[in-house]
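Observations on the model geometry
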Amino acid sequence: MIADKSINLIVTSPPYPMIEMWDDMFCDQDSSIQVLLDNGDGYAAFNKMHDILDLIWTECDRVLIDNGFVCINIGDATRTVNDNFCLYSNHTRIIDKFLSMGYCVLPDVLWRKQSNSPNKFMGSGMYPAGAYVTYEHEYILIFRKGGKRIFKGKDKELRQKSAFFWEERNVWFSDLWDVKGTSQKKLLTKNTRERNASFPFEIPYRLVNMYSAYGDIVLDPFAGLATTNIACIASNRNSIGVEIDPEMAKIALKNIDVEIDDVNGIISSRVNNHLQFIDGLPIEKRERCYKNKNHGFKVKTKQEMAIEIDLIDYNERIDNSYHYYYKEYSQMPKQLYVAI
């Protein structure tokens, strides 16, 4: 049981209602959904599926701190039920739920997922009044529980160390992300549902850095392959993943035993990308840059002067969790945990 108001940030991508690959999961929890689908009542089935998700959002509200954030990757669904093709707006249904719980709805992000198919349109080809707009985006909904989070004392220092680079801010806080999606490869492990719709690493990696600080705990209530947890490992945050499928949970636990060199490569590439950005500035702008006090490289703004980025030294497994220990870039001993 996760304690009340113990989570700082929730980053997740739930099963999408009215996407057929998730029907069995929803029907296993409420058999009336299959009856409604068989009877051609698509909107009733849609609402029943969201009733199941609502239980999770209510639990998320219990464990989230006041002033914490919730980031949800969700796509709308298009589906033909009873010979009627229409859109099922998952993102608006989730927004309604969080509004009912008193959350602030913040500007969302459109994740652009282009199709490579030359025949992308749906419907009757070249004839008017029979074709449908191609759907190639998903939403990243962002909610805040109450007002702005206030950082004091040690928390303020950790926030400063957790700052992002100026050039990262300009990309991450755009309302349109062009991030390549992962393929929905099937997991054929015994007793595991033949599905996997995990989002690409870059999405939770950005969100974790945008809406949490060192020392925070991040929750993914739909852990899947533990992508959010791995993003937390690369960002030096604690994390908890919850997964309803026991076989999937085993895979997730295996996944968070990451190859340390691989994750350190991601961490190092973040620094290298920054150094390349600085080197690409005109000389007069480079001379006006500030100096980061922990690493010695130049940064664009004063708020970046305290950034501290550490590499992983080693990890150890304790029951259903992994503890990661960090080294320098600053040689300060650190520890975080990742639990499934």
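Notes on the structure follow. Not measured: the values here are computed from a predicted model.

Examining the packing of helix H3 (residues 42-63) against helix H4 (residues 90-100)
For the pair H3 and H4, the least separation of the axes is 11 Å and the interaxial angle reads 45°. With respect to H4, the element H3 is oriented oblique. Both H3 and H4 take part in a crossing whose hand is right-handed. Along its contact with H3, which presents Phe46, Asn47, His50, Asp51, Asp54, Trp57 and Thr58, the element H4 presents Asn90, Arg93, Ile94, Lys97 and Phe98. Of the residues assigned to the contact of H3 with H4, the class counts are four nonpolar, four polar and four charged.

Considerations on the nonpolar core
Counting 39 residues, the largest nonpolar core has Ile7, Met18 and Phe143 as the members making the most contacts within it. Looking at this core element by element, the count peaks at eight residues for H3. Sequence-distant contacts of Met18, defined by excluding residues within four places in its chain, comprise Leu37, Gly42, Ala45, Phe46, Met49, Ala77, Arg79, Val81 and Tyr88. Of all hydrophobic cores here, the second largest spans 26 residues; its members include Ala231, Ile256, Val271 and Tyr322.

Remarks on helix H8 (residues 227-235)
Burial runs high along H8: nine of the nine residues are buried. For H8, every residue scored as buried is listed here: Thr227, Thr228, Asn229, Ile230, Ala231, Cys232, Ile233, Ala234 and Ser235. Among the residues trailing H8, Asn236 stands out with phi positive, at a value near 60°.

Here we look at the pairing of strand E14 (residues 310-318)
Strand direction decides the pairing type here: E14 and strand E15 (residues 321-328), joined by eight bridges, are antiparallel. What sits directly across from Arg317, in E15, is Tyr322. The antiparallel pairing of E14 with E15 creates a hairpin that spans two residues between the two strands, and Asp319 there sits at a positive phi of about 55°.

Examining a negative patch on the surface
Taken together, the side chains of Asp257, Glu259, Asp261 and Asp262 present a region of like negative charge at the surface. The topology assignment puts Asp262 in helix H10 (residues 260-279). Its relative accessible area of 52% is what places Asp262 among the exposed residues.

Here is what the cut-offs are and how they apply
Residues numbered from 1 in each chain as written. Predicted model: local features only at pLDDT ≥ 70, side-chain atom pairs only at ≥ 80, totals over all residues. Heavy atoms only, no water. Axes fitted to C-alpha atoms, helices over the stretch in contact; angles between N-to-C directions. Helix = DSSP H or I, 4+ residues; strand = E, 2+ residues; numbered from the N terminus. Parallel < 35°, antiparallel > 145°, perpendicular 65-115°, else oblique. Left-handed = near helix turned anticlockwise from the far one by under 90°. Contact = heavy atoms within 4.5 Å. Nonpolar A, V, L, I, M, F, W, Y, C, P; charged D, E, K, R; others polar. Core = buried A, V, L, I, M, F, W, Y, C linked by side-chain atoms within 4.5 Å. Buried < 20%, exposed > 50% of the residue type's maximum accessible area, 1.4 Å probe, protein only. Pairing = 2+ DSSP bridges. Patch = residues over 30% accessible without salt bridge, like charges linked within 9 Å, V, L, I, M, F, W, Y side chains within 5 Å. Areas by Shrake-Rupley, 256 points an atom, 1.4 Å probe, with all protein chains shown as cover. Salt bridge = Lys/Arg side-chain N within 4 Å of Asp/Glu carboxyl O. Lys, Arg positive; Asp, Glu negative; His and termini not counted. Charge placed at Lys NZ, Arg CZ, Asp CG, Glu CD.

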